[in-house]
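# Structural overview for review
Listed below are the residues making up each chain.
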Amino acid sequence: AVVSTQSTGISESARNLHGTDESFHPTRAPEAVVTPHTTEQVSAVMRICNENKVPVVPFGTGTGFEGGVGAMYGGISLALHKMTDIVEVNSSDFDATVRAGVTRHQLNDWIKEDGLQFPIDPGAGASVCGMCATSASGTNAVRYGTMRENVLNMEVVLADGRVIHTAGKGSRAKKTSCGYNLTNLFVGSEGTLGLITQATVRLYGIPEATAAAISSFPTVASAVETVVQVLQCGIPVARMEFLNPDMISACNSYSNLDLKVAPTLFFEFIGSPSGVEEQAQLAEELCTYNEGDNFTWATAQEDRTRLWKARHNCWYAVKAGYPGLHAYSTDVVVPVSRLPEIVEYCHDLAGEMGVPAPIVGHVGDGNFHCFLLSDQNDAVEVDRIK
């Protein structure tokens, strides 16, 4: 047998679990769940499925919002969570190689004593290879970029079972001008071109000092215009998040906060202590210029953790704050110069339609999410949302 019977699941609960993610899409259960432990097992399973025309859907941690784990045509779910080796960490070269089941939290726990971090932060307990497959972004994208800028090499099993290394076996080079850029081809391919069983990613030093700040604004436009001005002034923010009043209200209830219910910006500044203070002062000046108030900033770990935990729990805050309604998650990216216009448009349009629409976004790179809520049993309302 390629895998043991203990590594194969056909129970309804196991199949439903692996046909469901965090999205609004209904469960699309596979016919079986196969859990390999090695690349060789993944390769053998893919070869057999290819020869017998059995569909295969890879499954990481199930934290996605796009319904990508759904087995639309049956077949098997290939669950990669048992491949948990951190193959190597090269502290001097600022890179690490991990297997498919290693999550970003596990990698960061492993490397933090070396003063290193893997900063790409989509806000969920995602696997690193799953983040490669979906080209994940997150709250730190304004400073560190997305997964596309932070993957150096990947081991990929193709549909027929062949194993390739996108930058060459064992390569950890930071750049190459030789041949096709296969790494960027597979980043974001979402399992359609092959299964990522290993990834080599960039690491970064943990900054000397970190501060978080918050400011509220009278209008959506004034808050988002501040974002554009912060970027234009070259303030090297690490994170810059926008939350509209509906989202602030949900976060207050879910995370026991007491924030003013108004368009709000969360900031994070990193660097030397003096550099962090200077960044915060400049950001405060811009917030004040745009009629922002209640600008407060803190360096204490517990204060920063509380704020960013609330931000990362926005999805769950929305679900808890609107019982009985189903959340439809959108993901919009526009050039930063168009950000004030499109965010204000979405906010106003939802208000005109009478649809609850909490908005949160990594607005420093032009990305935001608008959660549209509706009663799934009301076909007219669902069509209107769509």
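This text follows the structure it describes.
### Quick word on the overall build of the protein chain
The helix and strand inventory of the protein chain stands at 13 helices and 19 strands. The principal-axis extents of the C-alpha atoms in the protein chain amount to approximately 65 × 55 × 35 Å. The buried share of the protein chain, taken over its 386 residues, is 50%. Of the contacts made within the protein chain by residues no fewer than 6 positions apart, 69% connect residues no fewer than 24 positions apart. Just so you have it, the protein chain exposes about 17900 Å², and 50% of that area is on carbon and sulfur atoms. The distance from the centre of the 26 positive side-chain charges to the centre of the 43 negative ones in the protein chain is 8 Å.

### Structural notes on unusual backbone geometry
Backbone geometry places Glu-190, a non-glycine residue, at a positive phi of 55 degrees. Note on placement: Glu-190 falls in the loop between helix H6 (182-186) and strand E10 (195-202). Look at Glu-190 and you get partly exposed, because its relative accessible area is 43%. Positive phi outside glycine occurs at Asn-256, with the angle close to 55 degrees. Looking at the secondary structure, you find Asn-256 in the loop between helix H8 (245-255) and strand E14 (264-271). The exposure class assigned to Asn-256 is exposed, which follows from its relative accessible area of 60%.

### Details of helix H3 (residues 104-111)
Looking at H3, one finds that the buried residues are Arg-104, Leu-107, Asn-108 and Ile-111. Relative to the axis of H3, the buried residues are bounded by an arc of 95 degrees and lie together on one face. Looking at the buried side of H3, the elements it contacts are strand E5 (86-90), strand E6 (95-99), strand E7 (116-117), helix H4 (128-134) and E10.

### Observations concerning the pairing of strand E8 (residues 151-157)
Looking down a regular strand, the side chains alternate between one sheet face and the other. With seven of seven residues buried, E8 lies mostly within the body of the structure. Note: E8 against E10, six bridges, orientation antiparallel. In the sheet register, Val-151 faces E10, and the bridge partner there is Val-201. Of the pairings in the sheet, the one linking E8 to strand E9 (residues 163-165) comprises three bridges and is antiparallel in character. Paired with Val-157 across the bridge in E9 is Val-163.

### Remarks on the sheet that holds strand E4 (residues 76-79)
Taken in spatial order, the four strands make up an open sheet running E1-E2-E4-E3, and their pairing is mixed. On the outer flanks of this sheet lie strand E1 (8-9) and strand E3 (56-59), each paired with one strand and no other. As judged from the four bridges shared by E3 and E4, these two strands associate in the parallel manner. When the bridges of E4 are listed, Val-56 appears paired with Ile-76. Across the sheet, helix H2 (residues 39-51) touches strand E2 (32-34), E3 and E4, and the angle it forms with E4 is around 165 degrees.

### What about the packing of H8 against helix H11 (residues 314-321)?
Axis separation between H8 and H11 bottoms out at 8 Å; the angle between their running directions is 85 degrees. In this view, H8 runs roughly perpendicular relative to H11, as classed from their interaxial angle. For the pair formed by H8 and H11, the contact residues are Met-247, Ala-250, Cys-251 and Tyr-254 on the first element and Cys-314, Tyr-316, Ala-317, Val-318 and Ala-320 on the second. For the contact of H8 with H11, the residue count by class is nine nonpolar, no polar and no charged.

### Remarks on the pattern of salt bridges
Applying the stated criterion to the full structure yields 13 salt bridges. The shortest N-O distance in the salt bridge between Lys-174 and Asp-95 comes to 3.6 Å. Taken together, the positions of Lys-174 in the loop between E9 and H6 and Asp-95 in strand E6 put the pair 79 residues apart, joining distant regions of the chain. On the basis of relative accessibility, which here comes to 36%, the residue Lys-174 falls in the partly exposed class. Classification of Asp-95 by relative accessible area gives buried; the value is 0%. Note that Arg-99 is salt-bridged to Glu-155, the shortest N-O span being 3.1 Å. Placement of the pair is Arg-99 in strand E6 and Glu-155 in strand E8, with a sequence separation of 56 residues.

Each value, and the rule that gives it
- Residues numbered from 1 in each chain as written.
- Predicted model: local features only at pLDDT ≥ 70, side-chain atom pairs only at ≥ 80, totals over all residues.
- Heavy atoms only, no water.
- Helix = DSSP H or I, 4+ residues; strand = E, 2+ residues; numbered from the N terminus.
- Buried < 20%, exposed > 50% of the residue type's maximum accessible area, 1.4 Å probe, protein only.
- Contact = heavy atoms within 4.5 Å.
- Areas by Shrake-Rupley, 256 points an atom, 1.4 Å probe, with all protein chains shown as cover.
- Lys, Arg positive; Asp, Glu negative; His and termini not counted.
- Charge placed at Lys NZ, Arg CZ, Asp CG, Glu CD.
- Arc of directions from axis to C-beta.
- Pairing = 2+ DSSP bridges.
- Axes fitted to C-alpha atoms, helices over the stretch in contact; angles between N-to-C directions.
- Parallel < 35°, antiparallel > 145°, perpendicular 65-115°, else oblique.
- Nonpolar A, V, L, I, M, F, W, Y, C, P; charged D, E, K, R; others polar.
- Salt bridge = Lys/Arg side-chain N within 4 Å of Asp/Glu carboxyl O.

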